[in-house]
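As a plain string of letters, each chain reads:
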Amino acid sequence: MGEKCEINDLLVPLKDKRLRLGSHEYKMVEPIATGPFSSVFLVEGDGIPYAMKVEAQVGCLRPVLKLDRAVLSALDNQTGFPSLIDAGRTDHFKYVVMQLVGPDLSSLLEFAPQNRFSQSTIYKIALQTLERLRILHDAGWLNRDVKAQNFAVGFGEESSIVYMLDFGLTRRYLEPNGRRHLLRPWGPSVGTFPYAPLNSLGFLDQTPADDVEGIYLADQLSKVCNYSGWLYMIIHLLNGLPWHNSKRSLSLAKVREWKMYCRRAGGRAQLFKDVPEGWSEIFDMIVKTAHHERPDYHKIACKVISIAQKENIDLTEQFDWQTNPVLRSLVRLGPLSCDELTMQTCGTPRATRMILSPI
Ligand SMILES: Nc1ncnc2c1ncn2[C@@H]1O[C@H](COP(=O)(O)OP(=O)(O)OP(=O)(O)O)[C@@H](O)[C@H]1O
Ligand SMILES: [Mg+2]
């Protein structure tokens, strides 16, 4: 264990400074997010804004940047993954420069009316985020940190694309040649304590299906992330999770108990209370995936679409951040034009401007 990570002490004084890194010069504009392991800075290189994720060279509790770099480089040119622009190291920190994307889903939710997205936005998020997981799994990586903070929306013309961010907890489960890694008979805790994956506590290694169900938990310092995983993320957006209703403060052990209880009839009824029945069938599809198999992403996506159809949810509607004035400003779409306002008030289908994510 090294010294305390001092990434923010290193970076804050750099605000507004110009840094020569390798053959490029970047203006460090302002921090976007600072975390215990790494920080993300808005930078400018040759007049173009980028995001720079930075990690201290010495004393970082959990080095993540080499994983961000490896995954972004493997998935370059794939829709919904930021392009990798540059990467390197100084004596003090490592850095990855990538395409700048807009706000993450969790921040957008904070500004949404009643902190809720519309049904069509949630179902479209479900389809796109599942597709990102499929691409990541195809490339041989597990995510192990699926949550709303780790998906962000593209700016302006790209606001129909939900990007996957943050590969700091990824792990290869396939050889680069596609040969399956033998799953380990046991799995150590992901990252450093207090990250506490349920499977690892059951001494099981994690699989692609775990990314989709989200059986593991993450507790980053005091912030309990209790809906980690695709299905839990979506149920959280749709209706909240039963363990959020608890008056008592949540502990990892409590949420872990809940997740185990959700595999039984009583828990399942509470998890899927007030959400269309099809979601419980999706849960079945995922938990029935054998440990060495991958989930059937296509079947799950078709099921999501069929639930939407049954519920009269129009998947050709624009995302909330393309129609709500406050959210629009966050994704740099500016005020609605007169034409758009007229179309909205007349209820004219708005599908023509949609870029639907490929399924
Ligand atoms: N390319 C990007 N463009 C815009 N914002 C970004 C970008 N990458 C990250 N961010 C913002 O910074 C936040 C933190 O980034 P990220 O999730 O990669 O790091 P982290 O959660 O601190 O993870 P780690 O555990 O890897 O240290 C994201 O939730 C997002 O809001
Ligand atoms: Mg993150």
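Presented here is an overview of the structure given in this document. (Residues numbered from 1 in each chain as written. Chains lettered and ligands numbered in written order. Predicted model: local features only at pLDDT ≥ 70, side-chain atom pairs only at ≥ 80, totals over all residues.)

**Quick look at the overall build of the protein chain**
To keep it simple, the criterion reads: Where helices and strands are cited, they refer to DSSP runs of H or I of at least four residues and of E of at least two residues respectively, numbered from the N terminus. Three exposure classes are used, all based on how many other C-beta atoms lie within 10 Å of a residue's own C-beta (placed from the backbone): buried at 20 or more, exposed at 12 or fewer, and partly exposed between those limits. Working definition of a contact: two residues with C-beta atoms, positioned from the backbone, lying within 7 Å.
Check the secondary structure of the protein chain and you find 14 helices and 12 strands. Burial status across the protein chain gives 40% buried among its 359 residues. Contacts in the protein chain between residues at least 24 apart in sequence constitute 60% of all its contacts with a sequence separation of at least 6.

**Considerations on the site of ligand 1**
Stated formally: Residue proximity rests on one test: whether the C-beta atom, placed from the backbone, lies within 6 Å of the molecule or strand. Under the convention adopted here, Pro, Cys and the residues Ala, Val, Leu, Ile, Met, Phe, Trp and Tyr are nonpolar, Asp, Glu, Lys and Arg are charged, and Gly plus all remaining residues are polar. Note that the domain bounds were set by an automatic or database domain assignment.
Taken together, 21 residues surround ligand 1, and among them Ala33, Gly35, Ala51, Asp166 and Gly168 come closest. For the shell around ligand 1, the secondary-structure elements that each account for two or more residues are β2 (24-34), β4 (48-56) and β6 (93-99). Classifying every residue of the shell around ligand 1 by side-chain character gives 12 nonpolar, 6 polar and 3 charged. Composition of the shell around ligand 1 by domain shows at least three residues from each of domain 1 (2-99) and domain 2 (105-310).

**Re the environment of Val64**
Note on placement: Val64 falls in the loop between β4 and α2 (65-74). The class of Val64 is buried, set by 23 C-beta atoms lying within 10 Å. Taking C-alpha positions, Val64 is 7.1 Å from Leu169, a pair spaced 105 residues apart along the chain. When residues no more than four places from it in sequence are discounted, the contact partners of Val64 are Phe37, Ser38, Glu55 and Gly168.

**A few points about the pairing of strand β1 (residues 18-21)**
Put simply, the test is: Note on pairing: two strands pair once DSSP finds at least 2 bridges between them.
Direction of pairing for β1 relative to β2: antiparallel, over a ladder of 4 bridges. Residue pairing for β2: Arg18 is matched across the bridge by Lys27. Connecting β1 to the next strand, β2, in antiparallel fashion are 2 residues, including Gly22 with a positive phi near 60°.

**Observations concerning unusual backbone geometry**
Backbone geometry places Arg144, a non-glycine residue, at a positive phi of 65°. Take Arg144: it is sitting in the loop between β7 (141-142) and β8 (151-153). Of the residues examined, Arg144 has 23 C-beta atoms within 10 Å and is grouped as buried. Its identity is not glycine, yet Asn312 carries a phi of approximately 60°, on the positive side. Tracing the sequence through the fold places Asn312 in the loop between α11 (297-310) and α12 (320-323). Overall, Asn312 belongs to the exposed group, with 7 C-beta atoms counted inside 10 Å.

**Details of the pairing of strand β3 (residues 39-45)**
Pairing between β2 and β3: 7 bridges, direction antiparallel. Each residue of the ladder has a partner; that of Tyr26, found in β3, is Gly45. The pairing of β3 with β4 spans 7 bridges and is classified as antiparallel. Pairing of Ser39 across the sheet is with Val54, part of β4. Remark: 2 residues form the turn of the hairpin made by β3 and β4, two consecutive strands paired antiparallel; Asp46 in that turn has positive phi of roughly 50°.

**Comments concerning the sheet that holds β6**
Where we set the bar: Structural elements are reduced to axes, namely lines fitted to C-alpha atoms, with helices fitted over the stretch in contact, and the angle between N-to-C directions of any two is expressed from 0 to 180 degrees.
Here we have 6 strands laid out as an open sheet, ordered β1-β2-β3-β4-β6-β5, and antiparallel in their pairing. Among the strands making up the open sheet, the edge pair consists of β1 and β5 (84-89). On average, adjacent strands in this sheet sit at an angle of 35° to one another, irrespective of strand direction. Strand contacts of α2: β4, β5 and β6, with the helix running at about 30° to β6, the strand carrying the most contacts.

**A few points about the nonpolar core**
Grouped burial of nonpolar side chains is what soluble globular proteins tend to show. Cut-off, in case you're wondering: In this usage, the nonpolar core is the set of buried Ala, Val, Leu, Ile, Met, Phe, Trp, Tyr and Cys residues whose C-beta atoms join them within 7 Å.
Ranked by internal contacts, the top residues of the largest apolar core, which has 80 residues, are Met52, Tyr163 and Leu231. The element that contributes the greatest number of residues to this core is helix α4 (residues 119-138), accounting for 8 residues.

**A short note on the packing of helix α10 (residues 278-287) against α11**
This is how the line gets drawn: Roughly parallel means an angle under 35 degrees; roughly antiparallel means over 145; roughly perpendicular covers 65 to 115; every other angle is labelled oblique.
In the contact formed by α10 and α11, the axes pass within 10 Å of each other and the chain directions differ by 175°. Taken together, the axes of α10 and α11 are roughly antiparallel relative to one another. Each of Gly278, Trp279, Glu281, Ile282 and Met285 in α10 lies in contact with α11, whose residues at this interface are Lys299, Ile300, Lys303, Ser306 and Ile307. Each residue belonging to the contact of α10 with α11 can be placed in one class, and the counts come to 5 nonpolar, 2 polar and 3 charged.

**Let's talk about α11**
Note the following rule: By definition here, a helix of n residues has an expected span of 1.5 Å times n minus one. Think of it as the arc spanned by the lines of direction from the helix axis to the C-beta atoms.
Compared with the 20 Å implied by 1.5 Å per residue over 14 residues, the 20 Å span of α11 between its first and last C-alpha is a close match. Listing the buried residues of α11 in full gives Ile300, Val304 and Ala308. Projected down its long axis, α11 carries its buried residues within an arc of 80°, all on one side. Those residues of α11 that are exposed and angled more than 90 degrees off the buried face are His298, Lys299, Cys302, Gln309 and Lys310. Against α4 and α10 lie the buried residues of α11. The first or second residue beyond α11 is Asn312, which carries a positive phi of 60°.

**Quick word on α4**
The terminal C-alpha atoms of α4 lie 29 Å apart, and with 20 residues this matches the ideal 28 Å at 1.5 Å per residue to within 8%. With respect to burial, α4 is a largely interior element, 16 of its 20 residues being buried. At the C-terminal side of α4, Gly140 shows a positive phi close to 100°.

Honestly, that's just the spatial picture; any functional story needs more than this.
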